[in-house]
Amino acid sequence: MRSAVEIAAAVRSGERTARSVAEEHLATIASREGEIHAFNHVTADAALAQADAVDAKVARGEDPGPLAGVPVALKDNLCTRGVPTTCSSRILDGWLPPYNATVVERVTAAGGVAVGKTNLDEFAMGSSTENSAFGPTLNPLDLSRVPGGSSGGSAAAVAARFAPLSLGSDTGGSIRQPASFCGVVGVKPTYGVVSRYGLIAFASSLDQIGPFAATVNDAALLLDVISGHDRMDSTSIAASPTALLNDGTDVAGLRVGLVTELTDVEGIDPEVRAAVERAASALEAQGAIVERISVPSCIYGLSAYYLIAPAEASSNLARYDGVRYGLRVDGDDVYEMNSATRDAGFGAEVKRRIMLGTYALSAGFYDAYYAQAQRVRTLIIRDFAAAYERFDVLLSPTTPTTAFKFGAKTEDPFSMYLSDICTIASNLAGHPAMSIPFGLGSDAMPIGVQVLAPALGESVMFRVARAIEAAGGVA
Amino acid sequence: MSSNEVQAEIQYETVIGLEVHVELATKTKLFCACANEFGSEPNTNICPVCLGLPGSLPVLNERVVDFALRIGEALNFTVPQRSIFHRKNYFYPDMPKDFQTSQYDEPICAEGWIEVDGERIGIERAHMEEDTGKSTHVGGGGRIHDADHSLVDYNRAGVPLMEIVSHPAMRSSEQARGYVSELRAVLLAIGVSDVKMEEGSMRVDANVSIRPVGTTQLGTKVEIKNMNSIRSLGRAIDYEVERQTIATNTGERIVQETRHWDESEGITHGMRSKEGSSDYRFFPEPDLAPVAPTDEMRAAARAAIPELPAALRERIVAEWQVAEHDARVLVANPALSDYAQESVAALASGSARDVVNWCTGELLAYGNETGSEPNSWALSPIALAELVGLVGDGAISRSQAKEVLAGCLAGEGAPSDVASARGLAQVSDEGALAAIIAGVLEANPDAVAEYRTGDEKAQKKKRGFLMGEAMKASKGQGNPALLNRLLDAGLA
């Protein structure tokens, strides 16, 4: 199996057809999708048509673009024109978006071939895909274990080689955590680097789209394609980092800080901690300077996140009222119809978060909860700014443990929330972070190492990621 | 003496605050590129953004900020360096996202004022927000609760609004009407809205309360909605003040509520009150950046402000010697006052006051009847100046001028051409008119005799009769002033 970079090169040069690449991946999907359930919807016919269009361009002597013929799986919270987009929720039953998300447009314009819409925790709320209304995705490396979430389907699709690339969204770790669980690379870019237009919102100030790939360079290829200013998104950054592909591996002289609050604390599996320390040593061996650093406010991230994200979600999800699209359950008047629809359409976790968020924004509670959480957020940004005065990048585990078994955390929402403890601070700060697979635990499941960088620090983050990838991760 | 009788002697003062929503006349909506148009086929000016479809995001229309800055300038507001949007969360079927993107505690315009009849009325704030769609409830008396079904038109969803909130600074319905008239004139003059209350591009809600004269604490306020003209605003306030006064005098407690003005019955109805008070759970809109107008944007808005109505009225009252009321009528219509100013500038003879009389009389009526704007009239401002000149020179009479005006508006040509084509000319030849008067007196000896012997009433009647005969004899073309003088001489 070749990488996305190699596939694109082969298709561009005419050495391979995009159709053969698509057929090969669709065959892999056909053989294993039944047991893994990475997709809510496989768009086989459309994929072949897109592949043929790429081949036609090559035949005409035109360049189909940097993703020429590369299959890409799309998280099912990205709007695709005329293709069901469900957020793995019953409430969007039957809805066909009349427009494409900006990232979908960019992937297609770059010659990428969309193969389907991947499963997720309903509305991206969860860390295992167990909250999908359409059943969970299974971890391709061990079917008794979760793939992580919320972008579990996108992570599994890459791990199962259904597609060399996929897109997910990351609100509190929803790309990095499943990447870690499935042994693939997952990137959450700086907030504003990738347009959110067409990403169905969970928590607007935290959501960011990013790539999954088998290699760091493949992730760079896809991020290069989807990043850049979009006038349809007011929070889109004017000058995004570009040309991350093949952007070097040299880490000599780089200052790397190992975040003690995310590494040296109870709850972090010793095997995971050991893997991060090995990664640090590997960087040192390549000339980096590694030290431990404290980012004290990190530990409040989880609490702040579980006020801010539900608050925004409670408002973002209000529109699913049965009036205009999706599910409608009739009631005696419009308000009863609204209630009946939302009661039938949303799952338990979504309802829990809507309740939490509604409460946090209510008169009399706003200052104690939402406003206080925003102050914590400011504190985290300040602590990170101080850390980045001394360090170029920071290092930590991506998740406290390797992939857990199905049902292990479904009874206790808080234990589930804790699996995002290492990833949440980057979303609150708006900073980029990525997970790189680095060795296996004694359960033979992959361990992920997280590289964190300051805003728009993608270039240095990718360099460090390549150096870690090159070190291999074997104990 | 009962307690009711004691209370009845208390004198109450009315306290009024007004919330005015104005639809801004931008080409496109507040957060998307859909046309901002009144009267299109339902659900034709819509897109993923104004329908609030999943995944869509708002992008602020810069023109709206420009209009808000103009309003800030014209109404003496402070425009802070930074303002932000908030989400106002509540469920309603004509609101696509089930929250309204609005401004809350950091509006674009803070603490302004407007002068109304020599008094400054304080304005607390003005902020940008999106309009909702429009629901039509079918069956059940047109209310959402009892309707069989409802139809929603989202063309209006996302139309930019400015909400302008006065302090509770007004003390009478007359003052409230004056405030809205002046506000309307200013907004029209600065070109930010067509402010048509009948079409809903200007909507006025009134907060009305009463309190004993001499006290400073505000009474319980009642919000009245659904007034579709400045006149009905006045009626609704008067009704509400009376209702509150009677209620208070009979020991009834005023409840804070929203009441609906019924134009045909001339009363306010309590609307079905929502259970509990609404909590809108405002929080900063995460999908939009703060609004931070640059110095260039502020300068451009300032430069776009024309002479404001108050100054314009003062100037034309002083320079043209027209009545304050006529100046007010003229200036309330910026296109017409531009027209009048152009016409006055072109006057060769005749007075500016005559120009204003034509503008606020026949021409305003013509514009209203035909729904046409002055710049589309077949009578140009220069032609009106010519017409005024013809009357001023005595070439045609005022009544003839009306006919000429109608001909000009019908596209028959320049005033002098229309006058000659229709054979309209005034006879000012004193000899010819003296002969007419002599003939009339000779032909009506009885009337002359009755005039000479009658009382004042009889004199007036006979004189009018003789004048009519003289005018008839001149085929309506005699110069009336001259005929009057000659008749008086003949009767003396």
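Computed from a predicted structure; not experimentally measured.

Time to look at the overall build of chain B. In terms of regular secondary structure, chain B is built from 16 helices and 13 strands. For chain B, whose C-alpha radius of gyration is 29 Å, the value lies well above the compact-globule estimate of 23 Å for 492 residues. Viewed in the frame of its principal axes, chain B has a C-alpha envelope of about 90 × 70 × 45 Å. The buried share of chain B, taken over its 492 residues, is 48%. When contacts within chain B are restricted to residue pairs at least 6 apart in sequence, those whose partners lie at least 24 apart make up 69%.

All names here are of chain B. All told, the structure shown has three cavities of 30 Å³ or more when counted by the stated rule. Of the pockets and cavities examined, the largest cavity occupies roughly 210 Å³. In this model, the second largest cavity occupies a volume close to 80 Å³. Forming the walls of the second largest cavity are 14 residues, and the residues nearest its centre are Pro96, Lys97, Glu130, Asp131 and Gly158. In the lining of the second largest cavity, the residues fall into seven nonpolar, four polar and three charged.

What follows concerns the packing of aromatic side chains. Under the defined criterion, the tally for this structure stands at 22 aromatic pairs over all chains. Geometrically, the ring pair formed by Tyr280(B) and Phe282(B) is edge-to-face, given 6.1 Å between the ring centres and 75 degrees between the ring planes. Through a chain of ring-to-ring contacts, the aromatic side chains of Trp95(A), Phe123(A), Tyr320(A), Tyr325(A) and Phe346(A) assemble into a single cluster.

Turning to the pairing of strand E11 (residues 446–452) of chain A, a few remarks are in order. Residues and elements named next belong to chain A. Burial runs high along E11: seven of the seven residues are buried. Here E11 shows no split at all, with Pro446, Gly448, Gln450 and Leu452 on one side and Ile447, Val449 and Val451 on the other all buried. Inspection of the sheet shows strand E9 (residues 393–397) paired to E11 by four bridges, in the antiparallel sense. Paired with Leu394 across the bridge in E11 is Leu452. As paired strands, strand E10 (residues 433–440) and E11 are joined by six bridges and run antiparallel to one another.

A common measure of how large an interface is: the accessible area buried when the components associate. Contact residues are listed per partner, giving 33 residues for chain B and 41 residues for chain A. The contact between chain B and chain A buries some 2,800 Å² in all, and 58% of this surface belongs to carbon and sulfur atoms. At the surface where chain B touches chain A, the tally comes to two salt bridges. Where chain B meets chain A, there are 15 residue pairs in polar contact (both at pLDDT 80 or more).

The next point concerns the environment of Ile237(A). Residue and element names in this part refer to chain A. You can see Ile237 is positioned in the loop between helix H7 (216–226) and strand E7 (255–259). Between the C-alpha atoms of Ile237 and Thr398, which are 161 residues apart in sequence, the distance is 26 Å. Once you skip the residues sitting within four places of it in the chain, Ile237 turns out to touch Thr190, Tyr191, Gly192, Val193, His229 and Leu456.

What follows covers the side chain of His137(B). Tracing the backbone through its elements, the reader meets His137(B) in strand E6 (residues 134–138). Here Ser150(B) takes part through its side chain, which lies 2.8 Å from a polar atom of the side chain of His137(B).

With that settled, consider the domain arrangement of chain B. All names here are of chain B. What the domain assignment lists for chain B is domain 1 (3–300), domain 2 (307–421) and domain 3 (430–491). Taken over C-alpha atoms, the centre of domain 1 sits 36 Å from the centre of domain 2. Each side of the interface is counted separately: domain 1 has nine residues, and domain 2 has seven residues. Across the domain 1/domain 2 interface, buried area totals approximately 620 Å², and carbon plus sulfur atoms make up 62% of it. On the surface where domain 1 and domain 2 come into contact, there are three salt bridges. Here Asp117 makes a salt bridge to Arg328, at a shortest N to O gap of 3.5 Å. The interface formed by domain 1 and domain 2 holds two residue pairs in polar contact (both at pLDDT 80 or more) in total. Broken down by element, the side of domain 1 that touches domain 2 gets its largest block of residues, six residues, from helix H3 (residues 173–189). Among the residues forming the side of domain 1 that touches domain 2, the class breakdown is six nonpolar, no polar and three charged.

Residues and elements named next belong to chain B. One number sums up the size of the second largest pocket: a volume of about 1,300 Å³. Forming the walls of the second largest pocket are 46 residues, and the residues nearest its centre are Arg184, Leu188, Ala332, Asn333 and Pro334. Only H3, helix H4 (230–249), helix H6 (309–320), helix H7 (324–331), helix H8 (334–345) and helix H9 (352–370) provide two or more residues apiece to the lining of the second largest pocket. If you tally residues by element for the lining of the second largest pocket, the top one is H3, at nine residues. A breakdown of the residues in the lining of the second largest pocket according to their chemical character gives 20 nonpolar, 12 polar and 14 charged. There are two domains that each give the lining of the second largest pocket at least three residues, and those are domain 1 (3–300) and domain 2 (307–421).

Throughout the structure, instances matching the rule amount to zero disulfides over all chains. The thiol of Cys422(A) is not disulfide-bonded; the next cysteine sulfur, from Cys298(A), is found 8.9 Å away. Note on Cys422(A): relative accessible area 1%, which makes it buried. Unpaired in terms of disulfides, Cys408(B) finds its nearest cysteine sulfur in Cys359(B), a separation of 14 Å.

Turning our eyes to something else, we now look at the nonpolar core. Residues Phe123(A), Leu18(B), Ile164(B) and Tyr179(B) are the most contacted members of the largest nonpolar core, which totals 208 residues. Broken down by element, this core gets its largest block of residues, nine residues, from helix H10 (residues 301–316) of chain A. Judged by nonpolar contacts, the second largest core, of 35 residues, contains Leu330(B), Leu364(B), Leu405(B) and Leu424(B).

Attention now goes to H10(A). A rise of 1.5 Å per residue sets the reference length of H10(A), with its 16 residues, at 22 Å; its end C-alpha atoms lie 22 Å apart and thus fit the reference within 8%. Counting buried positions over the 16 residues of H10(A) gives 15, a clear majority of the element.

As a further point, take the sheet that holds strand E1 (residues 12–23) of chain B. All names here are of chain B. Pairing in this open sheet of eight strands is mixed, and the strands run E4-E5-E8-E1-E9-E10-E11-E12 from one edge to the other. The open sheet has two edge strands, strand E4 (109–116) and strand E12 (267–270), and neither has a second partner. The average undirected angle you get between the axes of adjacent strands in this sheet is 30 degrees. Sheet analysis places E1 next to strand E9 (residues 202–212), joined by 11 bridges and oriented antiparallel.

Residue and element names in this part refer to chain B. You can see Glu37 is positioned in the loop between E1 and helix H2 (62–74). Overall, Glu37 belongs to the partly exposed group, its relative accessible area being 47%. Put simply, Glu37 and Arg328 are 291 residues apart on the chain and 29 Å apart in space, counted from C-alpha to C-alpha. One polar contact links Glu37 to Ser40, side chain to side chain, over a distance of 3.0 Å.

We now examine a nonpolar patch on the surface. Side chains of Tyr359(A), Phe365(A) and Tyr369(A) sit close together on the surface and give an oily, nonpolar patch of about 270 Å² of accessible area. Note on placement: Tyr359(A) falls in helix H12 (residues 348–361).

This paragraph deals with unusual backbone geometry. Geometrically, the link from Gly149(A) to Ser150(A) is a cis peptide bond, its omega value of 10 degrees lying close to zero. Among the secondary structure elements, Ser150(A) is positioned in the loop between strand E3 (113–118) and helix H5 (152–159). A positive phi angle, near 55 degrees, is found at His37(A), a position not held by glycine. For His37(A), the position within the fold is in the loop between helix H2 (18–36) and strand E1 (39–42). Residues other than glycine seldom take positive phi values, yet Asn43(B) does so here, at roughly 55 degrees. Locating Asn43(B) in the fold gives a position in the loop between E1 and H2.

Quick notes on the rules
Residues numbered from 1 in each chain as written. Chains lettered and ligands numbered in written order. Predicted model: local features only at pLDDT ≥ 70, side-chain atom pairs only at ≥ 80, totals over all residues. Heavy atoms only, no water. Helix = DSSP H or I, 4+ residues; strand = E, 2+ residues; numbered from the N terminus. Rg over C-alpha atoms; globule rule 2.2 N^0.38 Å. Buried < 20%, exposed > 50% of the residue type's maximum accessible area, 1.4 Å probe, protein only. Contact = heavy atoms within 4.5 Å. 1 Å grid on protein atoms, 1.4 Å probe; cavity = no way out; pocket = protein on both sides within 12 Å on 5 of 7 lines; lining within 4 Å. Points joined across faces, edges and corners; volume = space filled by probe spheres on them. Nonpolar A, V, L, I, M, F, W, Y, C, P; charged D, E, K, R; others polar. Phe/Tyr/Trp six-rings, centres within 6.5 Å; stacked < 30°, edge-to-face > 60°. Pairing = 2+ DSSP bridges. Buried area = accessible area lost by both parts, 1.4 Å probe. Salt bridge = Lys/Arg side-chain N within 4 Å of Asp/Glu carboxyl O. Polar contact = N/O pair within 3.5 Å; in protein donor to acceptor, adjacent residues only side chain to side chain. Domains from an automatic or database assignment. Disulfide = S-S within 2.5 Å. Core = buried A, V, L, I, M, F, W, Y, C linked by side-chain atoms within 4.5 Å. Expected span 1.5 Å × (residues − 1). Axes fitted to C-alpha atoms, helices over the stretch in contact; angles between N-to-C directions. Patch = residues over 30% accessible without salt bridge, like charges linked within 9 Å, V, L, I, M, F, W, Y side chains within 5 Å. Areas by Shrake-Rupley, 256 points an atom, 1.4 Å probe, with all protein chains shown as cover.

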